[in-house]
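Architecture and fold: a report
Okay, here's what each chain looks like letter by letter:
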Amino acid sequence: MNALLVTEYIGIASAALSGFLFGVKKGCDWLGIFIAALLTALGGGILRDMLVGRPVYSFTHYMPVSIVLTMFVLAIVLKLHTRREKLESTFLFIMTDAIDVVSFSIVGAMIALQFDYNIYGVILLAFCNGVGGGILRDVLLNEVPWFFRTGLYGTISMGVGLVYFFMALAGLGHIVWIMILFTLGVAFRLLAYYRQWHLPRLE
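Here's a quick rundown of the structure. (Residues numbered from 1 in each chain as written. Predicted model: local features only at pLDDT ≥ 70, side-chain atom pairs only at ≥ 80, totals over all residues. Heavy atoms only, no water.)

Observations regarding the overall build of the chain
This is how it is decided: A helix here means a DSSP run of H or I that spans at least four residues, while a strand means a run of E at least two residues long, and both kinds are numbered starting from the N terminus. Radius of gyration here is computed from C-alpha atoms only, and the compact-globule reference equals 2.2 Å multiplied by the residue count raised to the power 0.38. Accessibility here uses a 1.4 Å probe with only protein chains present; expressed as a share of the type maximum, an area under 20% marks a residue as buried, one over 50% as exposed, and anything in between as partly exposed. Under the convention used here, a 1.4 Å probe and the Shrake-Rupley method define accessible areas, while residue burial counts only the protein chains that appear. His residues and chain termini do not enter the charge count, which takes Lys and Arg as positive and Asp and Glu as negative. To locate a charge, the coordinates of NZ of Lys, CZ of Arg, CG of Asp or CD of Glu are taken.
Counting its regular elements, the chain contains 8 helices and 0 strands. Counting helices and strands in the order they occur from the N terminus, the chain gives α-α-α-α-α-α-α-α. At 16 Å, the chain has a C-alpha radius of gyration in line with the 17 Å of a compact globule built from 203 residues. Overall, the C-alpha framework of the chain stretches about 45 × 45 × 30 Å when taken along its three principal axes. Among the 203 residues that make up the chain, the fraction classed as buried is 52%. When the accessible surface of the chain is summed, it comes to about 10,000 Å², and 70% of that surface belongs to carbon and sulfur atoms. Across the chain, the mean location of the 13 positive side-chain charges is 7 Å away from that of the 11 negative side-chain charges.

Next comes the structure, spelled out in C-alpha cells:
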C-alpha cells in the first residue's frame, strides 16, 4: 500500500467518525447520521476527483465506503451515539477533525501533482479535498461551515498543500516525510484551536 492510500484511508476513518458525531449532535436518525459520516469522509475526495476529471475513487474502489461502514458500526458498538454534549468541546471530535483535514489536504496535494498542477492548483486542490466534505456536511445539516468559525482551519489545509508542494520538489515524498508533515499539521491544528488563533478580521 503506497503513501497516498495510507494517508487517505486514515483521513476517511477519522472523518467518518467526526461526521457520525456531528449527525448525533444534530439529532439525525440513523440514515441521517450515516449520510453525515459518508459526506464528511468522502465528499472532499469526490469534489477533488471531479476537479481533476478522473473517475471518482470512492465509487470505483470498495475500500472507502467499506471504511465508512466499519467506522459507523464501530461507533454504534462503542455507544458514541449517546454523547450529545456540545460537540465543539469534545476532544474526540476536535482530534478526528484535525486528523482528517490534514490527511485529506496531503492527499489533495498528491493528486494535484500527479495531474501536473502548478503551485496554485496544488493549494486549491488540497483545500477542496481537506475541507470539502465538512462543507457538504454542514450545508446539508444547516450549519455554518466549520472552517469559517474555528482556528485557522482552511488556512492550515492550504498551508499543508503548500508545504507538500515544496517537499515534492525536494524529493521528500517518502512515507516517513509525509507522516512527519501529517503529525506537525495535526499538532498545529490542535494548538490553533485551543489557543483560538485566527486570521485578522477586517474592521
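Some remarks on unusual backbone geometry
Residues other than glycine seldom take positive phi values, yet Asp-116 does so here, at roughly 60°. Positive phi, normally seen in glycine, also occurs at Gln-196, with a value near 60°. Position of Gln-196 among the secondary structure elements: in the segment after helix H8 (175-195).

Observations concerning the pattern of salt bridges
Convention followed: By salt bridge we mean one thing: a side-chain nitrogen of Lys or Arg within 4 Å of a carboxyl oxygen of Asp or Glu.
Taken as a whole and assessed by the stated rule, the structure comprises 4 salt bridges. We note a salt bridge from Arg-48 to Asp-49, for which the minimum N-O separation is 2.9 Å. By the burial criterion, Arg-48 is buried, and Asp-49 matches it. Here Asp-49 and Arg-54 are joined by a salt bridge, their closest N and O atoms 2.7 Å apart. If you follow the salt bridges from partner to partner, you end up with Glu-8, Arg-48, Asp-49 and Arg-54 in one network.

Remarks on the packing of aromatic side chains
Here is the rule we go by: Stacked, edge-to-face and tilted are the three classes for Phe, Tyr and Trp ring pairs, Trp counted by its six-membered ring, which pair at centre distances within 6.5 Å; planes under 30 degrees apart are stacked, over 60 edge-to-face, the rest tilted. Criterion for a charge above a ring: Lys NZ or Arg CZ within 6 Å of the ring centre, and within 35 degrees of the ring normal.
For the structure on display, the rule yields 6 aromatic pairs. On the basis of an interplanar angle of 85° and a centroid distance of 5.4 Å, the ring pair of Phe-165 and Phe-166 is categorised as edge-to-face. Residue Phe-166 is classed as partly exposed on the basis of its relative accessible area, which comes to 46%. Between the aromatic rings of Phe-188 and Trp-197, the centroid separation amounts to 5.8 Å while the plane-to-plane angle is 50°, which identifies the pairing as tilted. Phe-188 sits in the partly exposed class, given a relative accessible area of 37%. Put simply, the rings of Phe-20, Trp-30, Phe-34 and Phe-72 pair up and form one aromatic cluster. Against the face of Phe-22 rests Arg-137, its NZ or CZ located 4.3 Å from the ring centre.

A closer look at the nonpolar core
Quick note on the threshold: To qualify as a nonpolar core, a set must consist of buried Ala, Val, Leu, Ile, Met, Phe, Trp, Tyr and Cys residues joined through side-chain atoms within 4.5 Å.
Ranked by internal contacts, the top residues of the largest apolar core, which has 33 residues, are Val-102, Ile-106, Met-110, Tyr-164 and Val-186. Of all the secondary-structure elements, those providing two or more residues to this core are helix H1 (3-25), helix H5 (91-114), helix H6 (119-140), helix H7 (153-169) and H8. With 11 residues, the single largest contributor to this core is H5. Counting residues in each nonpolar core, the second largest holds 26 residues, with Phe-20, Ile-33, Met-71 and Phe-72 among its members.

With respect to the packing of H7 against H8
Note the threshold: Lines are fitted to the C-alpha atoms to define the axes, a helix being fitted only along its stretch in contact, and any angle between axes, read from their N-to-C directions, falls within 0 to 180 degrees. For classification purposes, angles smaller than 35 degrees are called roughly parallel, those larger than 145 roughly antiparallel, those between 65 and 115 roughly perpendicular, and all remaining angles oblique. Note on convention: the crossing is left-handed when the near helix lies turned anticlockwise from the far helix by less than a right angle, right-handed when the turn is clockwise. In what follows, a contact means two residues having at least one pair of non-hydrogen atoms within 4.5 Å. Basically, the charged four are Asp, Glu, Lys and Arg, the nonpolar ten are Ala, Val, Leu, Ile, Met, Phe, Trp, Tyr, Cys and Pro, and anything else, Gly included, counts as polar.
Interhelical geometry of H7 versus H8 gives an angle of 160° and a closest axis separation of 11 Å. With respect to their mutual orientation, H7 and H8 come out roughly antiparallel. In the packing of H7 onto H8, the handedness of the crossing is right-handed. From H7, Tyr-153, Ile-156, Val-160, Val-163, Tyr-164 and Met-167 reach across to H8, where they touch Trp-177, Ile-178, Leu-181, Gly-185, Phe-188, Arg-189 and Ala-192. Looking at the contact of H7 with H8, its residues break down into 11 nonpolar, 1 polar and 1 charged.

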